[in-house]
Structures are given as C-alpha cells and as structure tokens.
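Chain and residue survey
Given next are the chains, with one letter for each unit.
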Amino acid sequence: MKKIGFIDYYLDEWHANNYPAWIEEYNRKHGTDFKVAFAFAEKEVPPKGGLSSSEWCARFGAEECRSIEEVCEKSDFIMILAPSDPEKHLGYAEKVFPYKKPVYVDKTFAPDYPSAAEIFSLGEKNGTSFFSTSALRCAEEIAYTENAVAATVTGGGGNFAEYIVHQSEMLVKIMGKGAVRVRSLKKDEAVTVNVFYRDGRSAEMVYASDMPFSATVKTRDGKSFSKKIESDYFGILIAHILEFFGGKPVFFDSLDTLEVIKIRAAACESLEKNGTFVELQP
C-alpha cells in the first residue's frame, strides 16, 4: 500500500472530504493501491462546526496523528491541504519538507508572493519534490491554448479572495508568464480583473459568486474559441497528483505557480484599493 498523509487546518472541508473517493476511483481504474492512511489537523473541530478530526478519520478509514511530524514519519507521500487557509501553508511546509517526501500543496498555494517564494526556497534547500495547482489548470477545455494573444476567463465561488485563484491558474495556463500590471474593478456583485503583459497582450478575469467557469481565447493565427468548463478537472488533477507520487515529473512548469500567486495577490490588492493599478512583483 502506498500511504498518503493529509495535513490540514481542519479536516471536515470539501477537498479532504472528496479526495479519498477520487483516489479510490483512480485505484480502480489503474490497479494502483494509494490510500489516505494518516491525517492531522491543527484544529480538532472546524471553526463553523462539523466533524472532529477523530470523527473524520473514523469515517474515511485513516489513522489520526497527533502531529505533522507523525504524519510525515508514517506516510510515503504528503498532501498539504488547508485550501481555504493558504496562510498556513508556509508553516506546514517548514515542518514537512525536511522529510524529503513528495508533496502536493493544495490551492491557494500561498497568500502572497513572498510566502510563495519562501516555500520554493524551502523545497530547494531540502531537496523536496512538490507542486501546487488549482484543479482548473487541468480542464480539458484549455488543454491546447498555445500562442494566445488575448483571453477572458470567468468563474465563481464563495468569495473573491479565495476563488480568484482558479481564474488566475487558467489565465497562466492559457497566456503563459509575463504579466506586469493588474487592475480590479467591481460593479455590483461582479469583479473584472484586467491583466496587462510586457509584450502588449492583455487579458481579463471575471468573478461573480454564481458565475460558471469558462474560457474565451484568441490565438496569434487569428483563431478563437469560447468554452464553458465542464470536464472532470478534479479527477484529472487527482490523476496528476498520483502520477507525481508514482515518480512522474510535474506536468507543467512549477514556476507557473509563482506567476499565479503574483496575479492573484495583485488582483486582491487592487480590489482593496478600489481599482488602483498594481504592478506585479518582479
């Protein structure tokens, strides 16, 4: 059995509640034997109530650990979750990375660029292989989007700060690196984020709580498409995670994650400053 350890801020949250079944589904399809075998949460009970850590572990058949270190010692692979609390990721990584075991860090990778850069530095210092991405990077609808000159990506979710990472991830997948300036403008319940690139290209990210994920792309050869995101992007993400745990290299340039965080952080800062232009970290 290939044992996966979960590290979370609290365990009764959407990702931790769904990943085990998706991992089992991957096992059935591919004849593998990955299992969420161990789990630790900083908070025993979620802030808004729900299953305690011991109750969660009983439901999902995992052994509850009393520390991050215990999870790392017993597990073959680590998943740092806390998807709604990215400010926790750096502290968790400081404890996890010295064990040099493959790690997946859930979205949002980090709350700001300095924290993201520090996690990358920790990975290099410890020789630890890791990656992070939003599941939306895995959407089949944007699998082939090279040579994009313009794009508009949309999506929703509970709040702008947490969920704009999905549009940021799609945008970096489509447009690549090179964003230099961002402006976020709010109108009613929607936020439009204008993203400008050093080579003159531009793109938009649009957020509203109930807006579906979609991508509209124009390429250098004059072609364009507009697609609603309906593919099984979480299932594809789980496959990539488990393939990474199985020894395959990360399926994209990991430095894209720093670009995602730069764009997401600048978008949040601009919104807080009522639409002021924000320059991205160099």
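The following refers to the structure shown. Counting from 1, residues in each chain are numbered in the order their sequence is written. In keeping with the model being predicted, local features are shown solely for residues with a pLDDT of at least 70 and side-chain atom pairs are shown and tallied solely at 80 or more, while totals for entire chains, interfaces and linings include all residues. Calculation of side-chain values draws on the structure's entire complement of heavy atoms; hydrogens and water are dropped beforehand.

So, the sheet that holds strand E6 (residues 130–132)
If you trace the six strands from one edge of the open sheet to the other, you get E3-E2-E1-E4-E5-E6, paired in parallel fashion. Whereas interior strands pair on both sides, the edge strands pair on one side only; in this sheet they are strand E3 (63–64) and E6. Any two strands with at least two DSSP bridges between them are considered paired. Only DSSP runs of H or I reaching four residues or more are called helices, and only runs of E reaching two or more are called strands; each is numbered from the N terminus. As defined by bridge partners, strand E1 (residues 2–8) adjoins strand E4 (residues 77–80) across four bridges and the pair is classed as parallel. Residue Phe 6 lies in a different strand from E4, and its bridge partner there is Met 79.

A closer look at helix H5 (residues 113–126)
Here H5 contains 14 residues, and its C-alpha end-to-end distance of 20 Å stays within 8% of the 20 Å for a straight helix at 1.5 Å per residue. Within H5 the residues assigned to the buried category are Tyr 113, Ser 115, Ala 116, Ile 119, Phe 120, Leu 122, Gly 123 and Asn 126. Of the surrounding secondary structure, the elements contacted by the buried residues of H5 are helix H4 (89–96), E6 and helix H8 (256–272). Just beyond H5, the residue with positive phi is Gly 127, at close to 65 degrees. A helix is expected to span 1.5 Å multiplied by its residue count minus one. Think of it in three bands: with a 1.4 Å probe and only protein chains considered, a residue is buried below 20% of the maximum accessible area for its type, exposed above 50%, and partly exposed in between. The contact definition used throughout considers only heavy atoms, calling two residues in contact when any of these lie within 4.5 Å.

Focus on H8
Residues spaced three or four apart along an α-helix face the same direction, because each turn holds 3.6 residues. Spanning 17 residues, H8 covers 25 Å between terminal C-alpha atoms, matching the ideal 24 Å at 1.5 Å per step. Among the 17 residues of H8, 13 are classified as buried, and the element is accordingly described as predominantly covered. After H8 finishes, the residue Asn 274 shows a positive phi value of roughly 55 degrees.

Some details on the layout of surface pockets
The definitions used throughout rest on a 1 Å grid laid over the protein atoms alone, on which a cavity is an enclosed set of points accommodating a 1.4 Å probe that cannot get out and a pocket is an open set flanked by protein within 12 Å on both sides along at least five of seven lines; lining residues are those having an atom within 4 Å of a point. Grid points are joined across faces, edges and corners, and a volume is the space filled by probe spheres set on the points. The volume enclosed by the largest pocket comes to roughly 270 Å³. Around the largest pocket sit 14 residues that line it, and Trp 14, His 15, Lys 107, Glu 162 and Tyr 163 are the ones nearest its centre. Secondary-structure elements contributing two or more residues to the lining of the largest pocket are helix H1 (14–30), helix H6 (160–175) and helix H7 (233–245). Counting residues per element, the lining of the largest pocket draws most heavily on H6, which supplies three residues. The residue makeup of the lining of the largest pocket, split by class, is eight nonpolar, three polar and three charged. Charged means Asp, Glu, Lys or Arg here, nonpolar means Ala, Val, Leu, Ile, Met, Phe, Trp, Tyr, Cys or Pro, and polar covers whatever is left, Gly included.

Examining the sheet that holds strand E13 (residues 278–279)
Read across the open sheet, the seven strands follow the order E12-E11-E7-E10-E9-E8-E13; overall the sheet is mixed. Whereas interior strands pair on both sides, the edge strands pair on one side only; in this sheet they are strand E12 (224–228) and E13. Across five bridges, the pairing between strand E11 (residues 214–219) and E12 is antiparallel. Note on E12: the bridge partner recorded for Val 217 is Phe 225.

Remarks on unusual backbone geometry
Between Lys 107 and Thr 108 the backbone carries a cis peptide bond, its omega angle lying at -15 degrees. Here Thr 108 shows up in the loop between strand E5 (103–105) and H5. In this structure, Ala 82 takes a positive phi of about 50 degrees despite not being glycine. Even without being glycine, Asp 188 reaches a positive phi, approximately 55 degrees.

So, the packing of aromatic side chains
Any pair of Phe, Tyr and Trp rings, taking the six-membered ring for Trp, is counted once the centres come within 6.5 Å. Such a pair is stacked with planes under 30 degrees apart, edge-to-face with planes over 60 apart, and tilted for the rest. Tallied over the full model, the rule gives 23 aromatic pairs. Centroid distance Phe 131 to Phe 251: 6.0 Å. Interplanar angle 90 degrees. Geometry classified as edge-to-face. Here Phe 131, found in strand E6, pairs with Phe 251, found in the loop between H7 and H8; they are 120 residues apart in sequence, far enough to count as distant. Relative accessible area serves as the criterion here: at 31%, Phe 251 is assigned to the partly exposed category. Each residue in the set Phe 34, Phe 77, Tyr 104, Phe 131, Phe 244, Phe 245, Phe 251 and Phe 252 is aromatic and connected to the rest through ring pairs, giving one cluster. Ring-over charges, as used throughout, are those where CZ of Arg or NZ of Lys falls within 6 Å of the ring centre and within 35 degrees of the ring normal. Lying across the ring of Tyr 197, Arg 201 places its NZ or CZ 4.8 Å from the centre.

Details of the environment of Pro 102
Topologically, Pro 102 is positioned in the loop between H4 and E5. Using a relative accessible area of 22% as the deciding quantity, one classes Pro 102 as partly exposed. Remark: the alpha-carbon pair of Pro 102 and Phe 131, spanning 29 residues in sequence, is separated by 8.8 Å. Aside from chain neighbours lying at most four places away, what touches Pro 102 is Asp 76, Phe 77, Ile 78, Ser 129, Phe 244 and Phe 245.

Some remarks on the pattern of salt bridges
The term salt bridge refers to a pairing of a side-chain nitrogen on Lys or Arg with a carboxyl oxygen on Asp or Glu at a separation within 4 Å. In this structure the tally under the stated criterion is 13 salt bridges. In this structure, Lys 74 and Glu 63 form a salt bridge, with 2.5 Å as the shortest nitrogen-oxygen distance. In this pair, Lys 74 is assigned in helix H3 (residues 68–74) and Glu 63 in strand E3, connecting sequence segments 11 residues apart. A relative accessible area of 36% places Glu 63 in the partly exposed class. Where Arg 137 meets Asp 256, a salt bridge forms, and the shortest distance between an N and an O atom there is 3.1 Å. Here Arg 137, found in the loop between E6 and strand E7 (148–155), pairs with Asp 256, found in helix H8; they are 119 residues apart in sequence, far enough to count as distant. Using a relative accessible area of 9% as the deciding quantity, one classes Asp 256 as buried.

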